[in-house]
Amino acid sequence: MLIMILQLLIVLGALWVGSRYGSLALGAISGIGLAILVLGFGLKPGTPPTEVIYIIIAAVTCAGIMQASGGMDWLIQVAEKLLRKHPDRITFLAPLSTFFLTVLVGTGHVVYTLMPIICDIALKKGIRPERPCGVASIASQVGITCSPIAAAVVAFVSISNTNGFDITIPQVLMVSIPSCLCGLMLAATASYKRGLDLDKDPVFQARLRIPEQREYIYGSSATTLDKVIPVEAKRAVYIFLAALCVIVLFAAVPSLLPSWDGKSLKMSIVIQIVMITAAALMIIFCNASPKKAVAGPVWQSGMVAVVAIYGIAWLADTYFSNYLGEMQTALTEIVKEYPWSIAFVFFLVSVLINSQGAVVVAMLPLAYSLGIEGPVLLGVLPSVYGYFFIPNYPSDIATVNFDRSGTTVIGKYLLNHSFMMPGLVCVTTSTIVAYLLSLLFF
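The rules behind each value
Residues numbered from 1 in each chain as written. Predicted model: local features only at pLDDT ≥ 70, side-chain atom pairs only at ≥ 80, totals over all residues. Heavy atoms only, no water. Helix = DSSP H or I, 4+ residues; strand = E, 2+ residues; numbered from the N terminus. Rg over C-alpha atoms; globule rule 2.2 N^0.38 Å. Buried < 20%, exposed > 50% of the residue type's maximum accessible area, 1.4 Å probe, protein only. Contact = heavy atoms within 4.5 Å. Areas by Shrake-Rupley, 256 points an atom, 1.4 Å probe, with all protein chains shown as cover. Lys, Arg positive; Asp, Glu negative; His and termini not counted. Charge placed at Lys NZ, Arg CZ, Asp CG, Glu CD. Expected span 1.5 Å × (residues − 1). Phe/Tyr/Trp six-rings, centres within 6.5 Å; stacked < 30°, edge-to-face > 60°. Salt bridge = Lys/Arg side-chain N within 4 Å of Asp/Glu carboxyl O. Axes fitted to C-alpha atoms, helices over the stretch in contact; angles between N-to-C directions. Parallel < 35°, antiparallel > 145°, perpendicular 65-115°, else oblique. Nonpolar A, V, L, I, M, F, W, Y, C, P; charged D, E, K, R; others polar. Patch = residues over 30% accessible without salt bridge, like charges linked within 9 Å, V, L, I, M, F, W, Y side chains within 5 Å. Polar contact = N/O pair within 3.5 Å; in protein donor to acceptor, adjacent residues only side chain to side chain.

## Here's the deal with the overall build of the protein chain
- Across its full length, the protein chain holds 21 helices and 2 strands.
- The globule rule puts the C-alpha radius of gyration for 442 residues at 22 Å, and the 22 Å found for the protein chain is close to it.
- Dimensions of the protein chain along its principal axes, counting C-alpha atoms only, are 65 × 50 × 45 Å.
- Taking all 442 residues of the protein chain together, 54% fall into the buried category.
- Contacts spanning at least 24 positions in sequence make up 80% of the contacts within the protein chain whose residues lie at least 6 apart.
- Total accessible area computed for the protein chain in this model is approximately 18900 Å², and 67% of it derives from carbon and sulfur atoms.
- Across the protein chain, the 26 positively charged side chains and the 22 negatively charged ones have centroids separated by 8 Å.

## Some points on helix α5 (residues 90-105)
- With 16 residues, α5 extends 22 Å between its outermost C-alpha atoms, agreeing within 8% with the 22 Å of an ideal straight helix rising 1.5 Å per residue.
- Buried residues dominate α5, accounting for 12 of its 16 residues.
- Of all the residues in α5, the buried ones are I90, T91, L93, A94, P95, S97, T98, F99, L101, T102, V103 and V105.
- Taken together, the buried residues of α5 touch α3 (50-69), α4 (71-85), α6 (114-125), α7 (130-142), α9 (169-191) and α12 (231-252).

## A word on the packing of aromatic side chains
- Summed over all chains, the structure comprises 13 aromatic pairs.
- Geometrically, the ring pair formed by W74 and Y238 is edge-to-face, given 5.7 Å between the ring centres and 85° between the ring planes. One end of the pair, W74, is in helix α4; the other, Y238, is in helix α12, with 164 residues separating them in the sequence.
- With a relative accessible area of 17%, W74 lands in the buried category.
- Ring geometry for Y338 and W340: centres 5.7 Å apart, planes at 65°, overall edge-to-face.
- Among the aromatic residues, ring-to-ring pairing joins F347, Y385, Y387, F388 and F389 into one connected group.

## Observations concerning the pattern of salt bridges
- In total, this model carries 9 salt bridges according to the counting rule given.
- Linking K227 and D73 is a salt bridge whose minimum nitrogen-to-oxygen distance equals 3.6 Å. Of the two residues, K227 sits in the loop between α11 (211-218) and α12 while D73 sits in helix α4, which places them 154 residues apart along the sequence.
- Look at K227 and you get partly exposed, because its relative accessible area is 38%.
- Overall, D73 belongs to the partly exposed group, its relative accessible area being 29%.
- The salt bridge involving R194 is made with E130; its shortest N-O contact spans 3.8 Å. Of this pair, R194 sits in the loop between α9 and α10 (202-208) while E130 sits in helix α7, and the two are 64 residues apart along the sequence.
- Judged by its relative accessible area of 8%, E130 falls in the buried class.
- Taken together, the salt bridges that share partners define one network made up of E80, R84, D120, K124 and R404.

## Quick look at unusual backbone geometry
- Even without a glycine there, the phi angle at N287 is positive, about 55°.
- Examined against the element boundaries, N287 turns out to sit in the loop between α13 (267-285) and α14 (290-295).
- On the accessibility criterion, N287 (60% relative accessible area) is exposed.

## Quick word on the packing of α4 against α12
- With their axes 7 Å apart at the nearest point, α4 and α12 run at an angle of 85° to one another. With respect to their mutual orientation, α4 and α12 come out roughly perpendicular. Across from G71, W74 and L75 in α4, the residues of α12 making contact are A233, K234, V237 and Y238.
- The residue makeup of the contact of α4 with α12, split by class, is 5 nonpolar, 1 polar and 1 charged.

## Some points on the side chain of E80
- Looking at the element boundaries, E80 is found in helix α4.
- Take E80: its relative accessible area is 0%, and that puts it in the buried class.
- In this structure E80 touches L114, I117, A222, T223, T224 and L225, once residues within four positions along its chain are discounted.

## Here we look at a nonpolar patch on the surface
- A surface patch of nonpolar side chains, amounting to about 490 Å² of accessible area, comprises M1, I5, L8, L9 and L12.
- By secondary structure assignment, the location of L12 is in helix α1 (residues 2-19).

## Regarding the environment of S418
- Summarising the element assignment, S418 is placed in the loop between α20 (394-402) and α21 (420-441).
- A relative accessible area of 0% places S418 in the buried class.
- Distance from S418 to P391, taken between C-alpha atoms, is 9.0 Å for residues 27 residues apart in sequence.
- Those residues in contact with S418 that sit more than four places away from it in its chain are E130, G134, R194, T407, T408 and V409.
- There is a polar contact of 2.8 Å between the side chain of S418 and the side chain of E130.
- Among the polar contacts listed, one links the side chain of S418 to the backbone nitrogen of V409, at a separation of 2.8 Å.

## Considering the environment of V157
- Locating V157 in the fold gives a position in helix α8 (residues 151-162).
- With 11 residues separating them along the chain, V157 and T168 place their C-alpha atoms 6.2 Å apart.
- The residues contacting V157, other than those within four sequence positions of it, are I167, T168, I169 and V172.

That's the geometry; what it means functionally is another story.
Here is the structure:
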């Protein structure tokens, strides 16, 4: 037991140290923990999550090519037009915009261009930017469990099917999308009157009395409306959306898939084929530069996620697979009585490793081995997003920097930051609603 605890501390220590250096370091430093467990303690190495990694590579390549074609600029421009048309509803429309951008592209890193626009609209309308910015940053990550090409969703389906819970991507989205939208709208409602209005905020008003600060806050305007979107960019978006429709169609109607020896083609392979094909079509017909795609933030952040998931999931699988019997003995009674309590485990692990896909890959097999039923695990899927708790994720940090008013903050005591309240409200509500929907449908 002492050795088991010591090895668990090594796993947690590797994750903690890695989190201090960022996502790429998380994967690399997890390798140190893996080396200690395997070469030092002699544990049998687990299985690296190659299937999920291949899906991420294919999806990120497709999204990166679309960004290189200018398609992402068009999506951002469409979102900006909606937001500027209804500036008084920015606290509700901003999170919806960032949420659906993530759902479409499968990564929350596509929203950085939209964040300064959200802040600009709020300032021009006299709305405290912290209100829409805080919940919009949360929404950009919540959308991951609602995207048909996100690693978290695909991994959930693949692992669930392997463990006897026969579920498809559309069935997961049927639960995750409405539940996450309920959570986001409740978080937006809670944020609607959050903090002092700008004209009553003494700190903000003191900054305005300094000419340089006033010029910094109100002297510029962030916008994409002046960009001319070429026809090739719009064509790339249409190809990308068509690819998503094809994936959803095959997932919803498995009989359309080819089969050999009584076994149908796996959806993970379908996603890879469709995404890579769509990327090729964009290169051929949309003037998308592969070099520009590789240099873009979507492709780069996706490859960082690949390394992070590779190291984290392999380390976790090595530890849990070697102590599965002991954990079943210790936890079976608890999860049998309160199966939903696994949501707290998912959330806490996410706080450490900053990746919803990695949480699913690392923890879902353990959850199934403990005897938790598939519908319960689908119901607690929104709880795999917990890395807003410690505000060190790039989207949160970027949002703080984009808010020229200074109202979106990290906080003196680290945890009293602008993302804590909307994050807790959204994840708690989404998990409860998803749990009820899953039990109702399945």
